[in-house]
Amino acid sequence: MEYLSRTPQTMSGLPDFRFHPMCKKLQLTHLIFVDDLMILCKGNVASVSILVEALAHFNVATGLEANLNKLSIFLAGVDEDTIRKILTRTGFSVGIFPIKNFLWGSSADNSKIALSPWEKIFQGGLNIKGSSYWNIASVGQLIWQIIENKESLWVQWVHGIYIKDDASIWTHKAPLYCMWYWKEINAFKVQMQGWYIQDKYKLTQSDIYFITKSYLAIIGHKLQIRNVGLIWPSLALPKHRFMVWLVVQGRLLTQERKLKLIIQVDNTDCCLCNEKAMETNVHLFHKCKWTSIVWKEMIQWTGTTLQNAGIIKSLDSIRRKHWKKAKKEIMEAIGGAILYHTWCARTWKKFKGKQIHTNEVVQLIKKEITERVNLLYSSKEHRIVGSLFNI
Ligand SMILES: [Zn+2]
């Protein structure tokens, strides 16, 4: 590999060879990544011919032959006629860079990923990384490198090609014609200027940039659903967690919400009880007699004294209790399970006419929680849990 990488260096000294326009200043002829060698030159027949000759020379000198099946040529900004000539001359196949979608997740039609309501999910503790903020944190690393990591070849390259005589990345303005990612970096950087004080990175305590830490610092400023204060235990089934989030956000399509959205509803009453009460979030998950029975049964099973005060208050009060972590996790998971199965029972009744008995749901939740505890807790934790509950 070392000899192979010296070959393009030698070829760059030949009179007809032209550097890739973006690599001219650094006289960059190649990059090595693990076992891959990327040779760079201007997209004209003369330069590519020299490159092919250099590879042939390498073949004669070492007896090693490049595997044509593994060689690809990447062309950009080259006219059709030249492309045809280059491909005829080299016999290489045209490769496609699989890179563009990596950071920004842009789709073929360039539509942006919807931030709302998804950004609330990311902020709400479901532990799904928000693509928007994750991108900012990722681009932040590139900015950090430009400022801190002067030795990096890429940093030298962007300084040579783009930043040039500008005082810093902050005062630099992306030229009209530049690489797509340079435009993106410059579009994002405005949001990052506040992370630096006199060019010292201050967003996190570490001197070194970590994307995850920065991401957490960014969303930390944006957390709005603090009152929920959820631990979001891995114990809770993901579908249950998601249900809690929907309820907390008021996004479930209850009869009350349908009315607000001017969706026609025939009957606004709760279908789980005979109370003739409007189906609202508060009724369905707090006041409803059907739900109250399930709640009571579950509380009895766990031997705790937790009141059903509505999901937000109940979860908040679990968080404030001086209970062992395992107990809090189980109680939160049970809260999520009750919500989930209440909604399922309501859907079965409303759309399939099937009444689900509270006892069925109670047995199902007990089974689910027991299985999760057995699956996820170590034997030590399991003993602790066993002493707290009849699991
Ligand atoms: Zn009801």
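Computed from a prediction, not measured in an experiment: that's the story for all the values here. (Residues numbered from 1 in each chain as written. Predicted model: local features only at pLDDT ≥ 70, side-chain atom pairs only at ≥ 80, totals over all residues. Heavy atoms only, no water.)

As a further point, take the pattern of salt bridges. For the coordinates displayed, the defined rule picks out ten salt bridges. Between glutamate 53 and arginine 89 there is a salt bridge, with its nearest N and O atoms 3.6 Å apart. With a gap of 36 residues between them, glutamate 53 in helix H2 (residues 45-62) and arginine 89 in helix H3 (residues 80-90) connect regions that are remote in the sequence. By relative accessible area, glutamate 53 is classed as partly exposed at 47%. Among the residues examined, arginine 89 registers a relative accessible area of 36% and is labelled partly exposed. Measuring nitrogen to oxygen at the nearest pair gives 2.9 Å for the salt bridge that ties arginine 346 to glutamate 279. Residue arginine 346 is found in helix H15 (residues 325-352), and its partner glutamate 279 is found in the loop between helix H11 (255-260) and helix H12 (281-287); the two are separated by 67 residues along the sequence. Accessibility classification places arginine 346 together with glutamate 279 in one group, the buried group. Salt bridges sharing common partners tie together Asp81, Arg84 and Lys85. (Salt bridge = Lys/Arg side-chain N within 4 Å of Asp/Glu carboxyl O. Helix = DSSP H or I, 4+ residues; strand = E, 2+ residues; numbered from the N terminus. Buried < 20%, exposed > 50% of the residue type's maximum accessible area, 1.4 Å probe, protein only.)

A word on the coordination of the zinc ion. For the zinc ion, every protein donor is listed as Cys270 (SG), Cys273 (SG), His283 (NE2) and Cys288 (SG), and the spread of their distances is 2.1 to 2.4 Å. In this structure, the zinc ion is surrounded by four donor atoms whose angles at the metal cover 100 to 115°, and the resulting shape is tetrahedral. Considered as a linear motif, the donors of the zinc ion on their single chain read C-x2-C-x9-H-x4-C. One end of the pair, cysteine 273, is in the loop between H11 and H12; the other, cysteine 288, is in the loop between H12 and helix H13 (289-302), with 15 residues separating them in the sequence. Look at cysteine 273 and you get buried, because its relative accessible area is 7%. You can call cysteine 288 buried: its relative accessible area is 0%. (Donors = N, O, S within 2.8 Å, 3.2 Å for Na, K, Ca; no water. Tetrahedral: all angles 85-135°; square planar, octahedral: opposite > 155°, others 65-115°.)

The next thing to look at is the packing of helix H14 (residues 311-320) against H15. Where H14 meets H15, the axes come as close as 9 Å, and the angle between the chain directions of the two elements is 170°. The orientation of H14 with respect to H15, classified from their angle, is roughly antiparallel. Within the contact between the two elements, H14 uses Ile311, Leu315, Ile318 and Arg319 and H15 uses Lys328, Met331, Glu332, Gly335 and Leu339. Of the residues that constitute the contact of H14 with H15, the class distribution is five nonpolar, one polar and three charged. (Axes fitted to C-alpha atoms, helices over the stretch in contact; angles between N-to-C directions. Parallel < 35°, antiparallel > 145°, perpendicular 65-115°, else oblique. Contact = heavy atoms within 4.5 Å. Nonpolar A, V, L, I, M, F, W, Y, C, P; charged D, E, K, R; others polar.)

As a further point, take unusual backbone geometry. Here lysine 164, not a glycine, exhibits a phi torsion of approximately 45°, which is positive. Along the chain, lysine 164 turns up in the loop between helix H7 (153-163) and helix H8 (180-188). The backbone of lysine 276 shows a phi angle near 55°, a positive value even though the residue is not glycine. Examined against the element boundaries, lysine 276 turns out to sit in the loop between H11 and H12. Given a relative accessible area of 68%, lysine 276 falls into the exposed group.

Moving on, we get to a nonpolar patch on the surface. A contiguous nonpolar patch, built from Leu31, Met38 and Leu153 and spanning about 220 Å² of accessible area, is present on the exposed surface. With respect to the helices and strands, leucine 31 occurs in strand S1 (residues 30-33). (Patch = residues over 30% accessible without salt bridge, like charges linked within 9 Å, V, L, I, M, F, W, Y side chains within 5 Å. Areas by Shrake-Rupley, 256 points an atom, 1.4 Å probe, with all protein chains shown as cover.)

By the secondary structure assignment, isoleucine 169 is in the loop between H7 and H8. Between the C-alpha atom of isoleucine 169 and that of lysine 189, which follows or precedes it by 20 residues, the distance is 8.5 Å. Excluding residues within four positions of it along the chain, isoleucine 169 makes contact with Ile143, Ile146, Ile147, Ile163, Trp182, Asn186 and Lys189.

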